[in-house]
Structure formats: C-alpha cells, structure tokens
Amino acid sequence: MLIQWPSCFPETREVHTRPHPKRERTSSINASLHHLVDKNIKKLIPQLSKNMANLTYLFLQMNQIPFFILLLSFSPSSATYENRKTLTPPPLPQPSQTDYKGCFSKVYAFGDSYTDTGNAHFTDGFQPMLQQGRSPPPSGNLPGYRQCDGRLVIDYLCEYLSVPHLSAYKNSSAQFSGGANFAIAGSTALSSDFFTQSRLGHSLMWKQNPESCQTQIDWFQKYLADYDCKGKDEAACKGEMANTLFWVGEMGGNDYARLYGSSSTVHSRHLTRQAVRNVCGLVRRLLDNGARYIVVQGLPPAGCLPVQVSSCPSNERDQFGCSAKVNSLIMAHNDLLQKKLEELRQRYHDCMIIYADYWSAYITIQSNYKQYQFEEPVKACCGAGEGPLNFDTNHLCGSTGSSTCKDSNKYINWDGVHFTEAMHQHLSDLFFNQNYCKPSFAELIKKKRGTSGY
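In this report, we go over the structure that sits alongside the text. (Residues numbered from 1 in each chain as written. Predicted model: local features only at pLDDT ≥ 70, side-chain atom pairs only at ≥ 80, totals over all residues. Heavy atoms only, no water.)

1. Some remarks on helix α7 (residues 213–226)
Heads up, the condition is: Every helix listed is a DSSP run of H or I at least four residues long, and every strand listed is a run of E at least two residues long, numbered separately from the N terminus. In a helix, the anticipated span is given by 1.5 Å times the number of residues less one. We call a residue buried when its accessible area falls under 20% of the maximum for its residue type, exposed when it is over 50%, and partly exposed in between, using a 1.4 Å probe and counting protein chains only.
A rise of 1.5 Å per residue sets the reference length of α7, with its 14 residues, at 20 Å; its end C-alpha atoms lie 20 Å apart and thus fit the reference within 8%. Among all positions in α7, only C213, T215, Q216, I217, W219, F220, Y223 and L224 are buried.

This is how it looks when you write it as structure tokens:
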C-alpha cells in the first residue's frame, strides 16, 4: 500500500537576488517549519510502520472469518458497537455529578426478567433460580423475587432517586408508595397468539405461551383506575403521570430467544419490525396517558450470554467469543428502536424520551472487566458443567447438581442468562452517571427541574 503525503508547505528554492528583509524573515520561518515537520515525521515513521503491520495482521485475520461476520462488522449500528469492532478496549467514561434525589417520587417499570421483581412468581408460581451464596444487600431485604443474586438496575434507579424499591404489581401485600413494577419474567414484545400460531418456542422457556407487553399495559390501566387516578378527572390524572418516571426495560429479548430456539421459518426482519413497533406502541400509550419522562432500555448483546455461546459453533463466534448471528439480530433491533424513538421525540416535543444504551454499557464493561474488578467476563456464577461457561441446560442454577461461586462480585453473569448484582451496579452507574443514555439521564433530570435547554 502506498501512502502519498500531501504537500503542507510550498517548496523553497534559492534565488540569487539582493536580500530583502521581509523575504529573509519568510525564509527563516519556512526553514523552521521544515525542521519541525521533518522532526515530527521522523517520530511518526515508527508509529506508521506499527499501524501498517497491524493493518496487515488484521487483513490476514479477516480472511479466516466467515463472510457474514465481515458484513456484520461493517453494518450500520449505534455508536456502541463501534467499541466492539475495535481491537482495543474503549476508554472508561467520565462520571456525571448530578444529584437525582427528590426529583421523582414515583417510578413505574415495565419489561421482562431483567426488571421483574415478582410478577411472574405471583401470577403463575414461577420460582426464580435459587439465590445462593449471597447475604442481604446493603440496602436491606428486597421485596419480591428476582432473577439475580441481588439488586437489578431498576432497584439502583430507585436508590438514586431515593424512592422505595418497586413492588410487583401482582403482589397483593404491596403498598405502591413509590410506584409499581409491571414487568413479567419471560414477557415478549409480540402477542402470545403470535407465538402460538408461529410455533415459536424454546426448551428453556418456563411458559409455553408467554405474557406480552399488552398484559403489562392492561395491568397499568387497571392500576391507574384503582390507585393513582382513582376519583380524579383526566386532567388531574395526567398531571400525576407528568411527575412520574417511567422505565421501559428490556423487551424483545425473549422474542429472539424463542426464534433461535425453534425451527420456525419466521423471518427475523419481520420479527424485529413487529417487536419494535409493539415496544413503541407501549411508549405511545404511556405518553398519551400523560407520561413526560420515559427511559427506554435497549437490548444487551445476548450472543455473549452462556446460554447462547454454549450452543454456538466456534466458527460462528466473533472476536469476543460471542454468537455473531444472535448479536447481529440484537443490533438490528437496537438500531431500529433508536430510529423509532427519535420519531416519537419529534411528535411529543414537550416530553423527554431517552434511550438506555445497554449494548454499549455491556461492551464497555466486558472490554475492561478487570478495571471493574471482575475476574470472569463470561462464566456463570451459578450453574453446572464447570468449563469456561459453567452452564448446562440440563442442570440450571438452583437445580440438583448445580453450585454457586464463592464470590459473585467477581462474575458478570449470574446464571447463564441474567447478570449479577455487581454487574447491575456498574451498568446503573454507566446509565445514570456516565452518559450511557441518549440524551443523558442527567439531561432528563435537568429538564424535570426546569434547568435544561433541551
């Protein structure tokens, strides 16, 4: 490869004429500049040689990667995937100093098992994987049931805002003083009928016909009638919603898990369009009910979870050892979701709709896992089978034959599907303090307090 350097300075030449003071000064300046350029170019030559060597090495490596992964590397995506394409870890972000306490008195949450604090348990008796080897978190005993060894991102959000941890809506003994959680483990963005008709299922799914986001919308409407909007007119009810923070957690992950766990011929692009449309439909319903502050979470790179890596052939894995096919689908979902959210922002000008960039946050931590005090970036803390993943579909976390690591704080993954409390803590820090939301969470808080020009 030939690199031609552009001429940055004009060439100088000797002219045998009478010296001119101004020309003497110009000649002196040019000489100094040439000396500076020559000096810096000499410094750059070793670096250029190194870069050329890296490019040659990368080119040779790329010849060994399947063609579809090459396409994946150059596919359009959010800024978060740029970190994943580089061979060097992304830089650690700088923290925000915004204080969030007292900004919101209530939070309403939606989503799946990454957000559910007990609805699946209270409705269908779903038993979460055993919470072994953990003492109660510093904040005290958590209400409900979680797919984790401790707190979820939604729990940390409540702590940042100084509101009580959210109780599951289906918990009959809940007080709902700080809001309510409508998320359901195993919930899908698409309707239950879609999966029944398409015969999309997965052997690891605890419920053959899943609850969908429509169920959560129905619960929310009933909650308003029974609690927050009881005895109030429409204007007063919307005023109540305008002072509440809405968290739309992961939605769509279970849809894709069912697609890859079946032999269905449903096209992934069709599923992505439908899933994103339904997520945005939920957001619109909230906005029409008076919501003004909404956080919508993107999907994490599910192809890096032990449940996906364990069934992925080695020649279909990317440079991080993750399933390239699964992650390409997740990227497409996140890209489309961000595009549709921008359309909603244009329609609802007075509302703050921000995107929690789960993909970027996860990749940042995984790429720098030692700096976050993790020792195991992929291996599950609770599971069976030992090996690099400690994951066995026949012996899931909590079942006979499974075991739990001594210190889950050193693990990113809890049970092969969900993350540890330690991981949720770092993710929350990136979301709420270090600008991994778009626009930033700090900007949302400023708008709520009337100090933002957004």
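Here the narrative resumes.
2. As for the pattern of salt bridges
Our working definition: The rule for a salt bridge is simple: a side-chain nitrogen of Lys or Arg has to be within 4 Å of a carboxyl oxygen of Asp or Glu.
Here the structure, examined in full by the defined rule, presents 12 salt bridges. In this structure, the salt-bridge partner of E343 is K340, at a minimum N-O distance of 3.8 Å. In this pair, E343 and K340 both sit in helix α12 (residues 324–347), three residues apart, roughly one turn of the helix. Taking relative accessible area as the criterion, E343 reaches 42% and is therefore assigned partly exposed. Taking the shortest distance from any N to any O, the salt bridge between E375 and K410 comes out at 3.6 Å. Of this pair, E375 sits in the loop between α13 (358–367) and β6 (376–380) while K410 sits in the loop between β8 (403–404) and β9 (411–413), and the two are 35 residues apart along the sequence. With a relative accessible area of 51%, E375 lands in the exposed category.

3. Topic: the packing of aromatic side chains
Rules: We call Phe, Tyr and Trp rings a pair once their centres come within 6.5 Å, taking the six-membered ring for Trp, and we label the pair stacked below 30 degrees between planes, edge-to-face above 60, and tilted otherwise.
A full pass over the atoms with the stated rule returns 30 aromatic pairs. Measuring from ring centre to ring centre gives 5.0 Å for Y100 and F441, while their planes differ by 85°; the resulting arrangement is edge-to-face. Taken as a pair, Y100 in the loop between α3 (80–85) and β1 (107–110) and F441 in helix α15 (residues 441–448) lie far apart in primary sequence, 341 residues in all. Judged by relative accessible area, which is 2%, Y100 ranks as buried. The class of F441 is buried, set by a relative accessible area of 1%. In this structure an aromatic cluster arises from ring pairing among Y100, Y114, Y160, W247, Y358, Y362, F419, F431, F432 and F441.

4. Here's the deal with the packing of α13 against helix α14 (residues 421–433)
Our working rule: In this analysis an axis means a line fitted to C-alpha atoms, helices contributing only their contacting stretch, and an angle means the value between N-to-C directions, from 0 to 180 degrees. Roughly parallel means an angle under 35 degrees; roughly antiparallel, over 145; roughly perpendicular, 65 to 115; everything else is oblique. We call a crossing left-handed when the near helix sits turned anticlockwise from the far one by less than a right angle, and right-handed when that turn is clockwise. Any two residues having at least one pair of non-hydrogen atoms within 4.5 Å are treated as being in contact. In this count, Pro and Cys sit with the nonpolar residues alongside Ala, Val, Leu, Ile, Met, Phe, Trp and Tyr, while Asp, Glu, Lys and Arg are called charged and the others, Gly among them, polar.
Where α13 contacts α14, the axes come no closer than 10 Å and their chain directions differ by 120°. As far as their axial angle goes, α14 and α13 are oblique. For the crossing formed where α13 meets α14, the hand is right-handed. The segment α13 lies against α14, with Y358, A361, Y362, T364 and I365 engaging M423, H424, H426, L427, L430 and F431. Along the lines of polarity and charge, the residues of the contact of α13 with α14 split into eight nonpolar, three polar and no charged.

5. Comments concerning the packing of helix α9 (residues 253–260) against helix α10 (residues 268–288)
Put simply, α9 and α10 touch, their axes get as near as 10 Å, and they point 160° apart. When the interaxial angle is binned, α9 and α10 end up roughly antiparallel. Our pair here, α9 against α10, has a crossing hand that is right-handed. Between α9, through D255, Y256 and L259, and α10, the contact on the second element is made entirely by S268, L271, T272 and A275.

6. A short note on the nonpolar core
Where we set the bar: In plain words, nonpolar cores are sets of buried Ala, Val, Leu, Ile, Met, Phe, Trp, Tyr and Cys residues tied together by side-chain atoms within 4.5 Å.
If you look at the biggest cluster of nonpolar residues, it comprises 105 residues, and the most contacted ones within it are L245, W247 and F431. Per-element tally for this core: the top contributor is α10, with nine residues. Ranked by size, the runner-up nonpolar core spans six residues in total, among them C381, C382, C397 and Y411.

7. Side note on the state of the cysteines
Cut-off, in case you're wondering: The disulfide criterion is simple: two cysteine sulfur atoms within 2.5 Å.
What the rule picks out here adds up to four disulfides. Disulfide pairing is shown between C304 and C322; the S-S distance is 2.1 Å. Where C304 bonds to C322 through sulfur, the torsion about that S-S bond is close to 105°, and the disulfide is right-handed. Of the two residues, C304 is situated in the loop between β4 (293–297) and α11 (306–309) and C322 in the loop between α11 and α12; the sequence distance between them amounts to 18 residues. Residue C304 is classed as buried on the basis of its relative accessible area, which comes to 2%. Classification of C322 by relative accessible area gives buried; the value is 1%. Disulfide pairing is shown between C382 and C397; the S-S distance is 2.0 Å. Across the S-S bond of C382 and C397 the torsion is about 90°, and the bridge reads as right-handed. Remark: C397 occurs in the loop between β7 (382–383) and β8 and C382 occurs in strand β7; sequence separation between them is 15 residues. For the pair C382 and C397, a shared accessibility class is recorded, and that class is buried.

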